[in-house]
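Examination of the molecular architecture
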Amino acid sequence: MTEPSLHINLGGLAMKNPVTVASGTFGYGSEYGHYFDVSLLGAVTVKSLSLKPRPGNRPPRISETPAGMLNAIGLQNVGIDVYLKEKLPYLREKNCTIIANIYGYSPEEYAELAQRLEKEGGADALEANLSCPNVHDAKNTCGPALVAQSPQRVKEYTETIRAATSLPLYIKLSPNVADIREPALAAQEGGADAVALINTLLGMNIDVETRKPCLSNIVGGLSGPAIRPVAVKMVWDAARVLNIPVLGMGGIYTADDAIQFLLAGATAVAVGCASFRRPDAALQVIRGMRDYCIRHGIEDIQKLTGALRLQ
Amino acid sequence: MIHLLDCKVLSNDEVAPGHRRLVLDGKAIAEDTCAGQFCMLESSPGLQPFLRRPMSIERFGGDSFSVLYKIVGEGTRLLGRIQPGDTVNVQGPLGNGFSIPKEFKRYILVGGGIGIAPLPGLAQALIRETGTPPEVILAARSRDILLCQEDFTRMNCPVFLVTDDGSAGMHGFASNALEARKPDKNTLVYTCGPMIMMGAVHRICMENGSRCQASLEANMACGDGVCMGCVVETTLQEEFRRMVRVCHEGPVFDSRDIRWNTGTPAHD
Ligand SMILES: Cc1cc2nc3c(=O)[nH]c(=O)nc-3n(C[C@H](O)[C@H](O)[C@H](O)COP(=O)(O)OP(=O)(O)OC[C@H]3O[C@@H](n4cnc5c(N)ncnc54)[C@H](O)[C@@H]3O)c2cc1C
Ligand SMILES: Cc1cc2nc3c(=O)[nH]c(=O)nc-3n(C[C@H](O)[C@H](O)[C@H](O)COP(=O)(O)O)c2cc1C
Ligand code: FES
């Protein structure tokens, strides 16, 4: 059989395969450069960038859970200036496709980040993180803690960022909602080119010997294989009502996991904390997806998106 | 250079109650390790436990290296079941090991419990760099878990034992034993063990004008500077150095840079 085509288009971004990495689990790309050639990824998604560097939460910040982990990093990141000056050159030199994940405290901050990244060539697409469970929106004194929990605010934020940039814009959503379709549709109405889901699920772990929470933040975000079925279901729910593509993630460890997301309706996928366990996990997922296509006689991987058989 | 290798198990023997030494075939890792560096081991090939386990590289050089470990939970219990001939996936060497500035007159190693693991390798490096065997304080809860004593005596290091229950050597804590050795401003102390012990060792060093390098522990996910999960708070003023990664900037730090009592107010 001829080599299958793994090319996809994610809301205006051409990717040589459907696999990127999840923000916060791959640093700024160079960190994994000694394990494999990171330009083989469909795209590199960088850690959430904020206007100013952030020191993050106090330790302990991570706690292991069954087939997964909780984290409460609090978006420790170098900030956009250091990213542009020190981190970006590596990614550009390697000819990587870059999805820059952004985090702000107001729609205007997101817009400013988007504008700067576009103007200074810092990204090929943007993923706005409206769903980090570990930081507080300073201006939000009532209502849900996360922007992604309010469809109205998702729409407002998306519109403001949309107006600021012509780069492909993805909105990253939280699974901590009753119905994922509502924020997903709000992002679409606001002008997003794709939605990315899921961010981590809120969770808690307690050390019974000391009776203390395992994280200084008390609660954190759950990720890893444990959350995969939840994520696949949310992709399935969202993809059926959207006209824009879905970037699916949550617990992907193997190629079969990634294929599940495509079948449920995702156009592309992100490998997250699996990279902590296997630094080359994303590369193995790409290889395994190619093998799957060959085994099933699929010439174009795009044919798998939403190809779930119901009978 | 950091490697990701399937290493064949050469042996995995008990060395003291609840403590084992896992010897692994892995020339690339053995050759590239410096004293005080660590590796991330898969304690099981499956998804449970999900994360790798950080372990100091104890012996290295030649074709193999070892880790000395204490069984405390699920991951180390599974490690304890591994048989010679099995393979274990290892990522390493990771982090920055001990540094050996030459201007000191005395070098004292203080190891508590399983924290002794990286110190025989350090003693060897000190002998190579300074020509003199360092003094060694070995602390443990009781005599049956004082580890690596023969390694140090073989290198002609003066060894001072101290146990919590007085079953061997001095009755007391590592910091008491260090104080009795009268460290001064020409002394460099290296320490690895429980945080509470290292905090006490740090204080004795500050009181006596000595310098101290401490090898810290923290929960880790990636072990390689990516997840920002393993940070400790520092005394450094610059905003961005307030939190440093044990796996990347450490695990060995100048003890003055660490905020030993973490009762400081939360910030975000
Ligand atoms: C740089 C470094 C070097 C280390 N070197 C050694 C060594 O040479 N020998 C040795 O016996 N132990 C060492 N440790 C501690 C060792 O990593 C833990 O004892 C081990 O991870 C416990 O795993 P578990 O599944 O048995 O315990 P569990 O308590 O079931 O583990 C639960 C989770 O907490 C983490 N964890 C538990 N205790 C510790 C700890 N003390 N430090 C960091 N993470 C912990 C585990 O990795 C796991 O993610 C080192 C730790 C670090 C950070
Ligand atoms: C340590 C850690 C840090 C993360 N940091 C970010 C972040 O900065 N921005 C973001 O949008 N998502 C962040 N995430 C969420 C991931 O991008 C991803 O949505 C989530 O982990 C689910 O995927 P996984 O189960 O494959 O890890 C982080 C996750 C982890 C585990
Ligand atoms: S363990 Fe991930 S940064 Fe240290």
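Please refer to the structure higher up on the page.
This report concerns the structure included in the present document.

Here is what the cut-offs are and how they apply
Residues numbered from 1 in each chain as written. Chains lettered and ligands numbered in written order. Predicted model: local features only at pLDDT ≥ 70, side-chain atom pairs only at ≥ 80, totals over all residues. Heavy atoms only, no water. Salt bridge = Lys/Arg side-chain N within 4 Å of Asp/Glu carboxyl O. Helix = DSSP H or I, 4+ residues; strand = E, 2+ residues; numbered from the N terminus. Buried < 20%, exposed > 50% of the residue type's maximum accessible area, 1.4 Å probe, protein only. Near = heavy atom within 4 Å. Polar contact = N/O pair within 3.5 Å; in protein donor to acceptor, adjacent residues only side chain to side chain. Areas by Shrake-Rupley, 256 points an atom, 1.4 Å probe, with all protein chains shown as cover. Nonpolar A, V, L, I, M, F, W, Y, C, P; charged D, E, K, R; others polar. Core = buried A, V, L, I, M, F, W, Y, C linked by side-chain atoms within 4.5 Å. Domains from an automatic or database assignment. Contact = heavy atoms within 4.5 Å. Axes fitted to C-alpha atoms, helices over the stretch in contact; angles between N-to-C directions. Parallel < 35°, antiparallel > 145°, perpendicular 65-115°, else oblique. Left-handed = near helix turned anticlockwise from the far one by under 90°. Buried area = accessible area lost by both parts, 1.4 Å probe.

**Structural notes on the pattern of salt bridges**
Counted according to the given criterion, the structure contains 29 salt bridges over all chains. As a salt-bridge pair, Glu42(B) and Arg52(B) come within 3.5 Å of each other at their nearest N and O atoms. Here Glu42(B), found in the loop between strand S3 (38-41) and strand S4 (53-56), pairs with Arg52(B), found in the loop between S3 and S4; they are ten residues apart in sequence, far enough to count as distant. For the pair Glu42(B) and Arg52(B), one class covers both residues: buried. Sharing partners across several salt bridges, the network here consists of Arg277(A), Arg278(A), Glu42(B) and Arg52(B).

**Description of the site of ligand 1**
Residues in close proximity to ligand 1 total 20 residues, the closest being Pro54(B), Leu68(B), Gly75(B), Thr76(B) and Glu217(B). Residues lining ligand 1 come from chains A and B. Lys70(B) places a main-chain nitrogen or oxygen 2.8 Å from an oxygen atom of ligand 1. One of the backbone N or O atoms of Gly73(B) is found 3.0 Å from an oxygen atom in ligand 1. With the chains in place, 81% of the 820 Å² that ligand 1 exposes on its own is no longer accessible. Those elements that place two or more of their residues in the shell around ligand 1 are S4, strand S5 (64-70) and helix H2 (74-80) of chain B. Ranked by residue count, the leading element in the shell around ligand 1 is S4(B), at four residues.

**Some remarks on the site of ligand 2**
All names here are of chain A. In the vicinity of ligand 2 there are 25 residues, among which Ser-23, Ser-48, Lys-172, Gly-224 and Gly-251 approach most closely. Here an oxygen atom of ligand 2 sits 3.1 Å away from a polar atom, N or O, in the side chain of Asn-129. Cys-273 has a polar backbone atom sitting 2.8 Å from an oxygen atom of ligand 2. Against a free-state accessible area of 610 Å², the protein chains account for coverage of 98% of ligand 2. Looking at side-chain class alone, the shell around ligand 2 contains nine nonpolar, 14 polar and two charged residues.

**Description of the nonpolar core**
Ranked by internal contacts, the top residues of the largest apolar core, which has 148 residues, are Tyr83(A), Leu117(A) and Leu197(A). If one sorts the elements of this core by residue count, helix H8 (residues 281-295) of chain A sits on top with eight residues. There are two domains that each give this core at least three residues, and those are domain 1 (3-94) and domain 2 (106-257) of chain B. Once residues within four sequence positions are removed from consideration, Leu197(A) is found in contact with Leu173(A), Ile180(A), Met234(A), Val235(A), Ala238(A), Val246(A), Leu247(A), Gly248(A) and Met249(A). With 28 residues, the next largest nonpolar core counts Phe98(B), Ala140(B), Ile145(B) and Leu146(B) among its residues.

**Quick look at unusual backbone geometry**
The peptide bond linking Pro59(A) to Pro60(A) adopts the cis configuration, its omega dihedral lying at -5 degrees. Within the secondary structure, Pro60(A) is located in the loop between strand S4 (44-45) and strand S5 (62-65). We note that Asn156(B) has phi near 65 degrees; this positive angle belongs to a residue other than glycine. Phi is positive for Met228(B), which is not a glycine, with a value near 65 degrees. For Met228(B), the location among the structural elements is in the loop between strand S12 (211-215) and strand S13 (231-233). Take Met228(B): its relative accessible area is 13%, and that puts it in the buried class.

**Some details on the packing of helix H4 (residues 181-189) of chain A against helix H5 (residues 228-241) of chain A**
Residues and elements named next belong to chain A. Taken N-terminus to C-terminus, the directions of H4 and H5 make an angle of 45 degrees; their axes are 9 Å apart at the nearest point. One way to sum up the angle between H4 and H5 is to call them oblique. Note on packing geometry: the crossing formed by H4 with H5 is right-handed. Where H4 approaches H5, its residues Arg-181, Ala-184 and Leu-185 are matched on the opposing element by Asp-237, Ala-238 and Val-241. In terms of residue class, the contact of H4 with H5 is made up of four nonpolar, no polar and two charged.

**Description of the interface of chain A and chain B**
Contacts between chain A and chain B engage 39 residues on the former and 38 residues on the latter. Summed over both partners, the interface of chain A with chain B comes to about 3300 Å²; 57% of that surface belongs to carbon and sulfur atoms. Summed over the shared surface of chain A and chain B, the result is four salt bridges. The salt bridge partner of Arg277(A) is Glu42(B), with a shortest N-O separation of 2.9 Å. Elements supplying a minimum of two residues to the side of chain A that touches chain B: S5, strand S6 (68-71) and helix H7 (274-277) of chain A. Grouping the constituent residues of the side of chain A that touches chain B by class yields 19 nonpolar, twelve polar and eight charged.

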